[in-house]
Amino acid sequence: MHNIMKWTTFIATFFFVSTLLAVCIYKYVPVYVTPLMIIRSVQHITKAESPQWQHKWVPKEHISKHMAMAVIASEDNRFATHNGFDLKEIKKAIEERKTRNRHRGASTISQQTAKNVFLWPKSSWVRKGFEVYFTFLIEKIWGKERIMEVYLNSIEMGASIYGVEACARAHFQTTASRLNEEQCALIAASLPNPIRFNSAKPSPYMIKRKGQIIRLMHLVPPFPVVQKSEQTK
C-alpha cells in the first residue's frame, strides 16, 4: 500500500508539473505540431497514403482583423467575457438533450484550443476531464489574446490544413493578413466540420451560414486582438 501511494503521488506530481510547464512554454512559443496533426498523419499511413499537413504559424498581428470576429460570431459569442466555459450554452445543450434528444455542442474557443493543443480528438469523459483542466490553465496563464492566437494557428480548417495562414494560401491564394470579411466568414462556417465543409468551394448551406456570421460579426463587440491588429497596421 505504501508503494502504491508513493507511485500515485509521484505520477500526480509529474503530471501537474509537466503540464503546467508545457502551458507556460506555449504562452510564448509557437505551436508547430498538435496531436491531431500526428493522428491524421498516422491515418494517412494506415491508408498507404503519404502523410502530410499544411501549417504555418503567424503572429496575431499578421492575421486579418476579421478572422477573430468571425470565429467568435460563429463558435463562441461570449468568448471575451466567460472564464473558459459558457454556462448559458452548457445549460441550453443539456435542455435540448432532454427535450429534443439532440446533441448540441457547447465547447468554447478556449476548450477547443485546449483540446487541439494538448489532447486527442475523440470525445470521452476522460478527455472532457482533461479538457476542463487545460482550459482552466490556459485561461489563467495565457489570457484571451494568446488563446485566440493559438486557436487561429492550430485549428483544423480543411483536409490536412491547419491554421488560418495555411487555409488562406490553400483556399484563397492569399495570406492570413489579407483575408477579407467574407473569406473569414466562410472559414468560420466550415469549422464545425472542415473535412466536410470546404471554404474554397462553399455549398448553399455555407453561403447562407456565411451571411449569418457576417451579420453577427457586426453585433459582437470588438475583440482586443482585432483592436491590436488594427493599431499594428
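Predicted, not measured: the structure shown is a model, and the values here were computed from it.

A.B. asks: Would you mind going over the sheet that holds strand S2 (residues 156–158) with me for this structure?
C.D. replies: Strand pairing in a sheet relies on backbone hydrogen bonds. The paired strands run either parallel or antiparallel. Read from one edge to the other, the open sheet built from three strands follows the order S1-S3-S2, with strand pairing classed as mixed. Each edge of the open sheet is held by one strand with a lone partner, namely strand S1 (54–55) and S2. As paired elements, S1 and strand S3 (residues 161–162) share two bridges and run parallel to each other. What sits directly across from Gln54, in S3, is Ile161.

A.B. asks: Sorry, what's going on with the packing of helix H9 (residues 181–190) against helix H10 (residues 204–217) here?
C.D. replies: Any two packed helices are characterised by the angle at which their axes cross and by the distance between the axes. Where H9 contacts H10, the axes come no closer than 8 Å and their chain directions differ by 115°. Classed by the angle they form, the pair H9 and H10 counts as roughly perpendicular. For the pair H9 and H10, the crossing hand works out as right-handed. Two secondary-structure elements touch here, H9 through Glu181, Glu182, Ala185, Leu186, Ala188, Ala189 and Ser190 and H10 through Met206, Arg209, Lys210, Ile213, Ile214 and Met217. Counted by class, the contact of H9 with H10 contains eight nonpolar, one polar and four charged residues.

A.B. asks: Would you explain a nonpolar patch on the surface in this entry?
C.D. replies: Residues Tyr32, Val33, Ile38, Val42 and Trp53 make up a contiguous nonpolar surface patch of about 460 Å² in total accessible area. Examined against the element boundaries, Ile38 turns out to sit in helix H2 (residues 35–46).

A.B. asks: Sorry if this is basic, but what is going on with the nonpolar core here?
C.D. replies: Considering soluble globular proteins, one finds that nonpolar side chains tend to be buried as a cluster. Judged by nonpolar contacts, the single largest core of 51 residues is most densely connected at Met67, Val71, Met148 and Leu152. Where this core is concerned, the elements lending two or more residues are helix H3 (65–75), helix H5 (109–118), helix H6 (125–141), helix H7 (144–154), helix H8 (164–172), H9 and H10. Broken down by element, this core gets its largest block of residues, seven residues, from H3.

A.B. asks: Can you walk me through the pattern of salt bridges in this structure?
C.D. replies: Side chains bearing opposite charge may pair, as long as their charged atoms lie close to each other. Applying the stated criterion across every chain yields a total of ten salt bridges. Close ionic contact of Lys128 with Glu131 constitutes a salt bridge, the shortest N to O distance being 3.4 Å. Residue Lys128 and its partner Glu131 are both found in helix H6; the two are separated by three residues, about one turn of the helix. For Glu131, a relative accessible area of 1% gives the class buried. The shortest N-O distance in the salt bridge between Glu149 and Arg146 comes to 2.8 Å. Here Glu149 and its partner Arg146 are both found in helix H7, three residues apart, which amounts to about one turn of the helix. You can call Glu149 buried: its relative accessible area is 7%.

A.B. asks: In this structure, what is going on with H5? I would like to understand it.
C.D. replies: Every α-helix carries 3.6 residues per turn, so stepping three or four residues along brings you back to the same face. In terms of residue burial, H5 counts as a mostly covered element, since nine of its ten residues are buried. Regarding H5, the residues found buried are Ile109, Ser110, Gln111, Gln112, Thr113, Ala114, Asn116, Val117 and Phe118. Where the residues of H5 are buried, they touch helix H1 (2–26), H2, H3, H6 and H7.

A.B. asks: Looking at this model, I keep getting lost on unusual backbone geometry. Mind explaining?
C.D. replies: If you check the backbone angles, Ala48 has positive phi at about 60° while not being a glycine. If you trace the backbone, Ala48 turns up in the loop between H2 and S1. According to the relative accessible area criterion, Ala48 is exposed, its value standing at 73%. Its identity is not glycine, yet Ser160 carries a phi of approximately 65°, on the positive side. Within the secondary structure, Ser160 is located in the loop between S2 and S3. A residue is classified by how much of its surface remains accessible, and Ser160, at 13% relative accessible area, is buried.

What counts, and at which threshold
Residues numbered from 1 in each chain as written. Predicted model: local features only at pLDDT ≥ 70, side-chain atom pairs only at ≥ 80, totals over all residues. Heavy atoms only, no water. Pairing = 2+ DSSP bridges. Helix = DSSP H or I, 4+ residues; strand = E, 2+ residues; numbered from the N terminus. Axes fitted to C-alpha atoms, helices over the stretch in contact; angles between N-to-C directions. Parallel < 35°, antiparallel > 145°, perpendicular 65-115°, else oblique. Left-handed = near helix turned anticlockwise from the far one by under 90°. Contact = heavy atoms within 4.5 Å. Nonpolar A, V, L, I, M, F, W, Y, C, P; charged D, E, K, R; others polar. Patch = residues over 30% accessible without salt bridge, like charges linked within 9 Å, V, L, I, M, F, W, Y side chains within 5 Å. Areas by Shrake-Rupley, 256 points an atom, 1.4 Å probe, with all protein chains shown as cover. Salt bridge = Lys/Arg side-chain N within 4 Å of Asp/Glu carboxyl O. Core = buried A, V, L, I, M, F, W, Y, C linked by side-chain atoms within 4.5 Å. Buried < 20%, exposed > 50% of the residue type's maximum accessible area, 1.4 Å probe, protein only.

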